[in-house]
Amino acid sequence: MSDDSNHSYDTRNYKLRSNAWLARQDRDGFARRSWMKNQGRVDHLFDGRPVIGICNTWSEFTPCNGHFRQIAEYVKRGVYEMGGFPLEFPVMSLSEILLRPTAMLYRNLASMDVEESIRGQPMDGVILLTGCDKTTPALVMGAASCDLPTLVVSGGPMLNGRFRGELVGSGTHTWIFTERLKTGEMTMDDLAQAEAAMSRSSGHCMTMGTASTMASMVEALGIALPTNAAIPGVDARRYALAHMAGRRIVEMVKEDLRISKVLTKQAFENAIMVNGAIGGSTNAVVHLLAMAGRTGVDLTLDDWDRLGRDMPCLVNLMPSGKYLMEEFYYAGGIPAVISEIKHKLHLDALTVTGKTIGENNKDAKNFSTDVIFPYSAPFKPEGGIAVLRGNLAPGGAVLKPSAADPNLMKHRGRAVVFESIEDYDARIDDPNLDIDETCIMVLKGCGPKGYPGFAEVGNFALPAKILKKGIKDMIRISDARMSGTAYGTTILHTAPEAAAGGPIALVQNGDMIEVDVPNRRLHLDVSDAELETRKAAWKAPAPHSDRGYYKLYTDHVLQADKGADLDFLVGKSGAHVTRESH
Ligand code: FES
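As the structure is a prediction and not an experimental result, all values here were calculated from the model.

Caption draft 1: Structural context of the pairing of strand E12 (residues 490–495). Buried residues dominate E12, accounting for 6 of its 6 residues. Note: strand E8 (residues 393–399) against E12, 2 bridges, orientation antiparallel. By the bridge assignment, Val398 is partnered in E12 with Leu492. Bridge count for strand E11 (residues 475–478) against E12 is 2 bridges, and the pairing is parallel. Considered in E12, the bridge of Ile477 is made with Ile491.

Caption draft 2: Focus on the side chain of His523. Note on placement: His523 falls in strand E14 (residues 521–524). Polar contacts involving the side chain of His523 include one to the side chain of Asn391, which spans 3.3 Å. Not counting chain neighbours up to four residues away, the residues in contact with His523 comprise Asn391, Met512, Ile513 and Glu514.

Caption draft 3: Representation of a nonpolar patch on the surface within the structure. On the surface, Phe61, Ile97 and Leu98 cluster together to form a nonpolar patch covering roughly 380 Å² of accessible area. Looking at the secondary structure, you find Ile97 in the loop between strand E2 (85–90) and helix H4 (107–120). Among the residues examined, Ile97 registers a relative accessible area of 66% and is labelled exposed.

Caption draft 4: Structural context of unusual backbone geometry. Note that the residue after Met318, namely Pro319, is joined by a cis bond; omega there is 10 degrees. Between Tyr451 and Pro452 the backbone carries a cis peptide bond, its omega angle lying at 0 degrees. Positive phi, normally seen in glycine, also occurs at Phe454, with a value near 65 degrees. Judged by relative accessible area, Phe454 falls into the buried class, the value being 0%. Phi is positive for Arg520, which is not a glycine, with a value near 55 degrees. Positionally, Arg520 belongs in the loop between strand E13 (512–516) and E14.

Caption draft 5: Seen up close, the packing of helix H6 (residues 172–183) against helix H7 (residues 188–198). Running from N to C, H6 and H7 cross one another at 170 degrees; their axes reach a closest spacing of 11 Å. Judged on the interaxial angle alone, H7 and H6 are roughly antiparallel. For the pair formed by H6 and H7, the contact residues are His173, Thr174, Phe177 and Leu181 on the first element and Met188, Leu191, Ala194 and Met198 on the second. A per-class count over the contact of H6 with H7 returns 6 nonpolar, 2 polar and no charged.

Conventions used here
Residues numbered from 1 in each chain as written. Predicted model: local features only at pLDDT ≥ 70, side-chain atom pairs only at ≥ 80, totals over all residues. Heavy atoms only, no water. Buried < 20%, exposed > 50% of the residue type's maximum accessible area, 1.4 Å probe, protein only. Helix = DSSP H or I, 4+ residues; strand = E, 2+ residues; numbered from the N terminus. Pairing = 2+ DSSP bridges. Polar contact = N/O pair within 3.5 Å; in protein donor to acceptor, adjacent residues only side chain to side chain. Contact = heavy atoms within 4.5 Å. Patch = residues over 30% accessible without salt bridge, like charges linked within 9 Å, V, L, I, M, F, W, Y side chains within 5 Å. Areas by Shrake-Rupley, 256 points an atom, 1.4 Å probe, with all protein chains shown as cover. Salt bridge = Lys/Arg side-chain N within 4 Å of Asp/Glu carboxyl O. Axes fitted to C-alpha atoms, helices over the stretch in contact; angles between N-to-C directions. Parallel < 35°, antiparallel > 145°, perpendicular 65-115°, else oblique. Nonpolar A, V, L, I, M, F, W, Y, C, P; charged D, E, K, R; others polar.

If you want it as structure tokens, here you go:
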């Protein structure tokens, strides 16, 4: 036993923090070891070796993470091989597809669970098992506030969906099929058959949606092993990667390679550039802002615009392109993308391997320039996220040019306003709705406080009468987010949101709105005096609940441009505990 004479309560007084629980030769040490031996643990596991927590978001309510108990077993193999002691623990699992009113409402709650589960339990390093959209940022945010050695293992994307000869992408084809239903090209029977064809293996959405984007982001940030993002969830190499992560986290504990040493400003800048190159989800904006907030890195919306402005989109994946994550993996995945844009990146940024991102990827190759286009001849000229500002969005709003119609990048149109998602649902297909394709649709009440939880409804569908004309896109402005699997000329995350009294709350039917993406401008063409009059008459909506987590969330959530974290969670307080569990 190490630390056998140390009876201090304070975890800082031990060589490894887990020793404060498990390696002590006293009553408390006896009790912990005794209870843990009811799982068949042998004596030498308590000899002071590093304890590795495996933070698992497995849940049958989160199908994208349904294979995580097997992945955890492979992590354990690696930990044992390197002389560590792995212990798996559950945290709140966030299912994008099942949680109501939206999984994003609970991202911050899950991050609190993760933070306190790590801090309160005897572990020296942690593996984060993440998959479905919000599970990645939630776990990274919580772990970053503890600042132990931390390594992310993503669950990997599903295999390609295929239906009647067509490549079918998670989410993306949900929108495509729904439009076909509206236009009569598909029936409900067709849809029923497409369900199993779209989701045919373990894994998360296999488009470049939010899950794949966030798996790419953790690889680009350097907190996951190279190739983490793209290996399919059922590919044997996913399990081999988990095994190697288990080996590496034990070394990271010995090297004291904490997550704060990896999550630097340079790392975030690399991730933003990679996000542009992969045509990643707009959700990465709020998640990276929130993650940076936990680590004390000064990251802003302007960094997103600055770093993405001249970054082309290289990756030909749905929703911006035609392929899926399987082809992306075979083409070389994130290492190949990093290789294509290496002249733009901070190649000396440290990663969890103990090497720099440049060293990790120096031998990477691009095996298909139809899937990963070369930087010199990109798939689309604009890959980054455009940040628009103006009297309609003083705190900023975002748009993904690679998923938008180039012909709508400069447009002036008449506002057609929906006060809430229920108002939209009730009126969008009303034949008498006064709308044509030159109008700009505005949706309110879907931001962090308003929904509550910042819903993914920013790609709200066009009216059937316009779709039937063969028109597929119109400008839409909202304080909502958009699914990473979605597409369209959608201006999102408008801040401040309507429920917080932002100018979007004051837009009325018939107002003229100017959108100028090249000049990053979003202007409501209404006089200041008129806006003042409207503001004076505006009443804040009643809160959705006056108790519980809803209340905590709506009282404390920050606006989109600050990452929508809870104000009191920003920052970190480390992993030490000074009191015994009396
Ligand atoms: Fe889980 Fe898309 S629903 S990743």
